[in-house]
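So the chains spell out like this:
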Amino acid sequence: MKDSELGKVYDNGEIIFREGEAGDRMYVVQSGKVKITKRSPSGDLTIAVLKNGEIFGEMALFDRLPRSATAEAFGEARVLGIDKEKLFRTISTDPTLAFRILESMSQRLRKLGEDFMKLQKRGLSICIDVDEICMYVLDEARNIIPADNGSIMLCGERQRTLVIKAAFGAEWQPKMKLGAGEGIAGDVLKTGKAELVNNVFMDSRFTAGSAEIKSMLCVPLKWKSSVFGVINMSNSSEKLFTLDELKMLRSLAIYASIAIENARSCANLKSAADEILTHASMFSKW
């Protein structure tokens, strides 16, 4: 970095931005560390600890929604803020920055999945809600792929009906359900193959809901050899999706699958543990 591009120095524990606040810039860690946390029913969850060169807060440059997490200095840290105008000017001269943003997001999701596996080994001291993880994944998807609507649909272990677990934009009312092979999402669930459809009305598989949709991306969520859900991104406007955006969503789906499946496993194990404790409690009364 040039001297003119040196960022601000934050003391240990000093807040850079809070979850729920409006944002107008992204940040780069120049030195030290930054901790990213998110509120959950179980308390504040540490999503990541970022180091030199890592990017965060970029979602504020692609949507007008409040911050989805809190960032604070973890020890003394120097952090550079970049507004939208400067970001786009930089990307025009250095297109690799766009890839770095995607890489940063993918690494965070990978870390999130690894953390869930550690929680399972520690006896489920913390259990993350599946819906909460799905909404976090959608936030990340919207960060890299501009879209009017989006949803994550999951199916149960013993039945093949897709149900919306998280959504943004025009949500379906009532919540749409699709079976394997039904609609574009149902077909992706059945085949395990990602789809880019820029004119849904020309596709015989399309099942219309109450939301007006003209184009969509749909990628599968897979665990081992099984497809257990899909991520949908759609536009109600005339904007078309690109093959690069399909590839980015497929990359995101790899890490999202790990995070969601670990959260589902965590919930199942916690339920089993609660049942055992209930029976033990009943037995102790005799």
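The structure under discussion appears in the preceding block.
Below: a short report on this structure. (Residues numbered from 1 in each chain as written. Predicted model: local features only at pLDDT ≥ 70, side-chain atom pairs only at ≥ 80, totals over all residues. Heavy atoms only, no water.)

## Quick look at the sheet that holds strand β2 (residues 15–17)
- Read from one edge to the other, the open sheet built from 4 strands follows the order β2-β7-β4-β5, with strand pairing classed as antiparallel. Bordering the open sheet on either side are β2 and β5 (45–50), each of which pairs with just one other strand. Looking at each pair of strands side by side, their axes are set apart by 30 degrees on average, direction ignored.
- Sheet topology places strand β4 (residues 34–38) next to β5; 5 bridges connect them, and they run antiparallel. (Pairing = 2+ DSSP bridges. Helix = DSSP H or I, 4+ residues; strand = E, 2+ residues; numbered from the N terminus. Axes fitted to C-alpha atoms, helices over the stretch in contact; angles between N-to-C directions.)

## Quick word on the pairing of strand β13 (residues 215–223)
- β13 sits mainly inside the fold: 7 of its 9 residues count as buried.
- In this structure, strand β12 (residues 195–197) lies alongside β13, joined through 3 bridges in antiparallel fashion. Each residue of the ladder has a partner; that of leucine 196, found in β13, is leucine 217.
- Across 9 bridges, the pairing between β13 and strand β14 (residues 226–235) is antiparallel. (Buried < 20%, exposed > 50% of the residue type's maximum accessible area, 1.4 Å probe, protein only.)

## What about the pattern of salt bridges?
- Using the criterion set out here, one finds 9 salt bridges in the structure.
- The salt bridge partner of arginine 25 is aspartate 24, with a shortest N-O separation of 3.2 Å.
- Note on arginine 25: relative accessible area 29%, which makes it partly exposed.
- Aspartate 139 is paired through a salt bridge with arginine 142; the nearest N and O atoms lie 3.2 Å apart. Here aspartate 139 and its partner arginine 142 are both found in helix α3 (residues 130–144), 3 residues apart, which amounts to about one turn of the helix.
- What you see here is one network of salt bridges that share partners, running through Asp187, Glu195, Asp203 and Arg205. (Salt bridge = Lys/Arg side-chain N within 4 Å of Asp/Glu carboxyl O.)

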